[in-house]
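Report on the structure
Single-letter residue listing:
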Amino acid sequence: MWVDAFHEGIKSPIQVRELIQRAKRAGVNALFIQVRSRAQTYHNSAYEHRALDAFPFFDGLAAVIREAHACDPPIQVHAWLNAHPLWSESAPPVWEDHILYRRPDWLTQDPHGNRGTPVGYALDFGHPEVQDYLTRLYLEVVRKYDVDGIHFDFIRFGGAEWGYNEVSVARFLSSLSAEQRAGVLARAERASLLTQETTRGNRNNSSTHEVFPGASRASGATKPHPASVPTPDDPLFSDWRRK
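Keep in mind it's a predicted model, so treat the numbers as computed, not measured. (Residues numbered from 1 in each chain as written. Predicted model: local features only at pLDDT ≥ 70, side-chain atom pairs only at ≥ 80, totals over all residues. Heavy atoms only, no water.)

A word on the overall build of the protein. Assigned secondary structure in the protein consists of 8 helices and 6 strands. Helices (α) and strands (β) of the protein occur, in sequence order from the N terminus, as β-α-β-α-β-β-α-β-α-β-α-α-α-α. Taken over 243 residues, the protein has a buried fraction of 40%. Taking contacts inside the protein between residues at least 6 apart in sequence as the whole, the part at least 24 apart equals 66%. With an accessible surface of roughly 13,800 Å², the protein has 54% of that area assigned to carbon and sulfur atoms. (Helix = DSSP H or I, 4+ residues; strand = E, 2+ residues; numbered from the N terminus. Buried < 20%, exposed > 50% of the residue type's maximum accessible area, 1.4 Å probe, protein only. Contact = heavy atoms within 4.5 Å. Areas by Shrake-Rupley, 256 points an atom, 1.4 Å probe, with all protein chains shown as cover.)

Further remarks concern the confidence of the model for the protein. Taken residue by residue, the protein gives an average pLDDT of 83. The fraction at 70 or more is 79%. Segment residues 206–230: pLDDT under 50, and 29 contacts once partners within four positions in sequence are set aside and those in other chains are kept. (pLDDT = per-residue confidence, 0-100.)

What follows is about the sheet that holds strand β2 (residues 30–36). On the basis of which strands lie adjacent, the open sheet formed by 4 strands has the order β1-β2-β3-β6 and parallel pairing. Looking at the sheet topology across the chains shown, the edges are occupied by β1 (2–3) and β6 (149–153). Strand direction decides the pairing type here: β2 and strand β3 (residues 76–82), joined by 6 bridges, are parallel. Opposite F32, over in β3, you have H78 as the bridge partner. Sheet contacts for helix α4 (residues 128–144): β2, β3 and β6; angle to β6, the most-contacted strand, approximately 155 degrees. (Pairing = 2+ DSSP bridges. Axes fitted to C-alpha atoms, helices over the stretch in contact; angles between N-to-C directions.)

What follows concerns the environment of A30. With respect to the secondary-structure elements, A30 resides in strand β2. On the basis of relative accessibility, which here comes to 10%, the residue A30 falls in the buried class. Spatially, the C-alpha atoms of A30 and A68 are 8.8 Å apart, while their sequence positions differ by 38 residues. Ignoring sequence-local partners within four residues, the contact set of A30 consists of M1, I75, Q76 and H78.

Helix length check: helix α1 (residues 13–26), at 14 residues, gives a terminal C-alpha distance of 20 Å against a target of 20 Å (1.5 Å per residue), a fit within 8%. Residues of α1 that are buried include every one of Q15, V16, L19, I20 and A23, and no others. Taken end-on, α1 shows its buried residues confined to a sector of 135 degrees, consistent with a single buried face. Structural note: α1 exposes I14 and R25 on the side pointing more than 90 degrees away from its buried face. Residues of α1 that are buried in the fold lie against β1, β2 and α2 (60–69). One or two steps after α1, the chain reaches G27, where phi turns positive at roughly 75 degrees. (Expected span 1.5 Å × (residues − 1). Arc of directions from axis to C-beta.)

Right, let's get into the nonpolar core. By size, the foremost hydrophobic cluster in this structure holds 44 residues, and its most contacted members are I10, L31, I33, L61 and V64. Breaking this core down by element, the ones donating at least two residues are α1, β2, α2, β3, β4 (85–87), α3 (99–102) and α4. At 6 residues, the largest contribution of residues to this core is made by α4. Excluding residues that lie within four positions of it along the chain, I10 makes contacts with V3, Q15, V16, L19, I33, Q34, V35, Y42, F58, G60 and V64. (Core = buried A, V, L, I, M, F, W, Y, C linked by side-chain atoms within 4.5 Å.)

Now for the side chain of T108. Mapped onto the secondary structure, T108 falls in the loop between α3 and β5 (121–122). Here T108 falls in the buried class, since its relative accessible area comes to 0%.

Under the defined criterion, the tally for this structure stands at 7 aromatic pairs. Ring centres 5.4 Å apart and planes at 90 degrees place the aromatic pair W2 and W80 in the edge-to-face group. Taken together, the residues W2 in strand β1 and W80 in strand β3 connect sequence positions 78 residues apart. Taking 5.9 Å as the distance between ring centres and 80 degrees as the angle between the ring planes, the aromatic pair formed by W87 and W95 counts as edge-to-face. For the pair shown, W87 and W95 are each scored as buried. Counting every residue linked through ring pairs, the aromatic cluster contains W2, F32 and W80. (Phe/Tyr/Trp six-rings, centres within 6.5 Å; stacked < 30°, edge-to-face > 60°.)

So, in structure tokens, the structure goes:
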């Protein structure tokens, strides 16, 4: 049974008792408990704050383990931690020492420097300090709690356009040969010029949208000049086609 942090389940003693009863009635033999959502936890952590909607000082993971393992037969408890999402864009964290404030240099971004991913602010896996931090979060649970398993969730970016944290990009470029690096930088420059021309084309063709109200930004009137379009065998072609 999956128990996510967006619903009731492990946020208070009453919720835990009800959860175990439901699991027993359903014949469930394993619980996957989300104990970390967006850099806030439902267990005791030395690194991150307890979630705002959790009962004060209540260790939900410890309570679930105690109740589940006492069942006959015992119910397994697997800890489930989200790795990538850090915080929503809608409202800032209430804690002044939240990781979002302390380490903004750990955030992922797209090639243009935008940091608002589909899941809000998020960590960049290419940053070595992020890798170390996430490792410590998972090891903390394994070492402090009698869990039957650990679940690595959201070990991925929200799309191909993310992962351009400056440190991550620098590490990637340093791993290349001089020839490879020159090729990557040349393609990046072409992509930048292509974006600029597309944007300029959209502005210059604004009158077209006035004459043809049904025309969208994806119409031929707003496409870049054919000379700047990548060929189908160019790695940039798939990116351009989505614009």
